[in-house]
Amino acid sequence: MQRGRAVRLEDFAGRWRIARRIDDRQGGVAGWFEGVAEFRPVPQGLAYREEGRLWLGAGSGVVAVRDYLWREEAGRIVVDHGDGRPFHDFDPAEPEAQHWCDPDDYRVRYDFARWPEWRADWTVVGPRKDYTMRSTYRRA
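In this report, the structure presented in the accompanying data block is examined.

What counts, and where the lines are drawn
- Residues numbered from 1 in each chain as written.
- Predicted model: local features only at pLDDT ≥ 70, side-chain atom pairs only at ≥ 80, totals over all residues.
- Heavy atoms only, no water.
- Pairing = 2+ DSSP bridges.
- Helix = DSSP H or I, 4+ residues; strand = E, 2+ residues; numbered from the N terminus.
- Contact = heavy atoms within 4.5 Å.
- Phe/Tyr/Trp six-rings, centres within 6.5 Å; stacked < 30°, edge-to-face > 60°.
- Buried < 20%, exposed > 50% of the residue type's maximum accessible area, 1.4 Å probe, protein only.
- Salt bridge = Lys/Arg side-chain N within 4 Å of Asp/Glu carboxyl O.
- Polar contact = N/O pair within 3.5 Å; in protein donor to acceptor, adjacent residues only side chain to side chain.

### So, the pairing of strand β6 (residues 86-90)
By the bridge criterion, four bridges tie strand β5 (residues 76-81) to β6 in an arrangement that is antiparallel. Following the sheet pairing, Val-79 is matched in β6 by His-88. Following β5, the chain reverses through four residues before pairing antiparallel with β6; Gly-84 in that reversal takes a positive phi of roughly 95°.

### Here we look at the environment of Ala-6
With respect to the element layout, Ala-6 can be found in the segment before β1 (14-24). For the pair Ala-6 and Asp-111, spaced 105 residues apart in sequence, the C-alpha to C-alpha distance is 9.8 Å. Ignoring anything within four residues of it in the chain, the contact list for Ala-6 reads Pro-92 and Ala-93.

### Points about the packing of aromatic side chains
When we look at a pair of aromatic rings, we describe it by the centre distance and by the angle of the planes. Following the criterion strictly, the structure yields 27 aromatic pairs and no others. Aromatic pair Phe-39 and Tyr-48: ring centres 4.9 Å apart, planes at 70°, arrangement edge-to-face. In this structure Tyr-48 comes out as buried when scored by relative accessible area, which is 4%. Ring geometry for Tyr-110 and Trp-118: centres 6.2 Å apart, planes at 45°, overall tilted. One exposure class covers both Tyr-110 and Trp-118, and it is buried.

### Digging into the pattern of salt bridges
Evaluated as defined, the whole model comprises 19 salt bridges. For Arg-20, the salt bridge identified is with Glu-50, shortest N-O distance 2.8 Å. Note that Arg-20 is positioned in strand β1 and Glu-50 in strand β3 (residues 45-56), a separation of 30 residues in sequence. Judged by its relative accessible area of 6%, Arg-20 falls in the buried class. Linking Asp-130 and Arg-25 is a salt bridge whose minimum nitrogen-to-oxygen distance equals 2.8 Å. Remark: Arg-25 occurs in the loop between β1 and β2 (29-42) and Asp-130 occurs in strand β10 (residues 129-139); sequence separation between them is 105 residues. When its relative accessible area of 23% is taken as the criterion, Asp-130 is described as partly exposed. Put simply, Asp-111, Arg-119, Asp-121 and Arg-134 are held in one network by salt bridges that share partners.

### Observations regarding the side chain of Asp-104
Within the element layout of this structure, Asp-104 appears in strand β8 (residues 104-111). A relative accessible area of 9% means that Asp-104 is categorised as buried. Looking at Asp-104, its side chain comes within polar contact range of the side chain of Lys-129, at 3.3 Å. When near neighbours in sequence (up to four residues on either side) are disregarded, Asp-104 contacts His-99, Val-125, Gly-126, Pro-127 and Lys-129.

### Considering the pairing of β1
Here β1 pairs with β2 via eleven bridges, running antiparallel. The residue bridging Trp-16 from the neighbouring strand is Ala-37, located in β2. Counted between consecutive antiparallel strands, the loop separating β1 from β2 contains four residues, among which Gly-28 sits at a positive phi close to 65°. When β1 meets β10, the two strands line up antiparallel, connected through nine bridges. Paired with Arg-17 across the two strands is Arg-138, which belongs to β10.

Read these as layout, nothing more, since geometry by itself doesn't imply function.
And the structure:
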């Protein structure tokens, strides 16, 4: 399914503000994350680091950090975990992906229709997981 314009890896370079909504149906709790992501050029592609504050339910917020490596391969954007483990890849013109992490199924749909604002919508299901996350990115 086409989700807006086809992006190139280099389009992501720079800093982004993130607003993320989390709906955990399994735990019956809602959460949100606010922070900044930076896509920094490295020889392999773009090193992604996000830092911010995560709130779950009525609890106090905690510092949250994630690292990934975004790179190009055969016309696709490949996203690896910061430690090099494979995560997922997608065709920029058809930006959907699935990742099986036994026993959990992770599915993402990127939406670039309002570029340079863009979204990543995740659905995660498994024996102990059932949640959605919507992350909206805007240039910082």
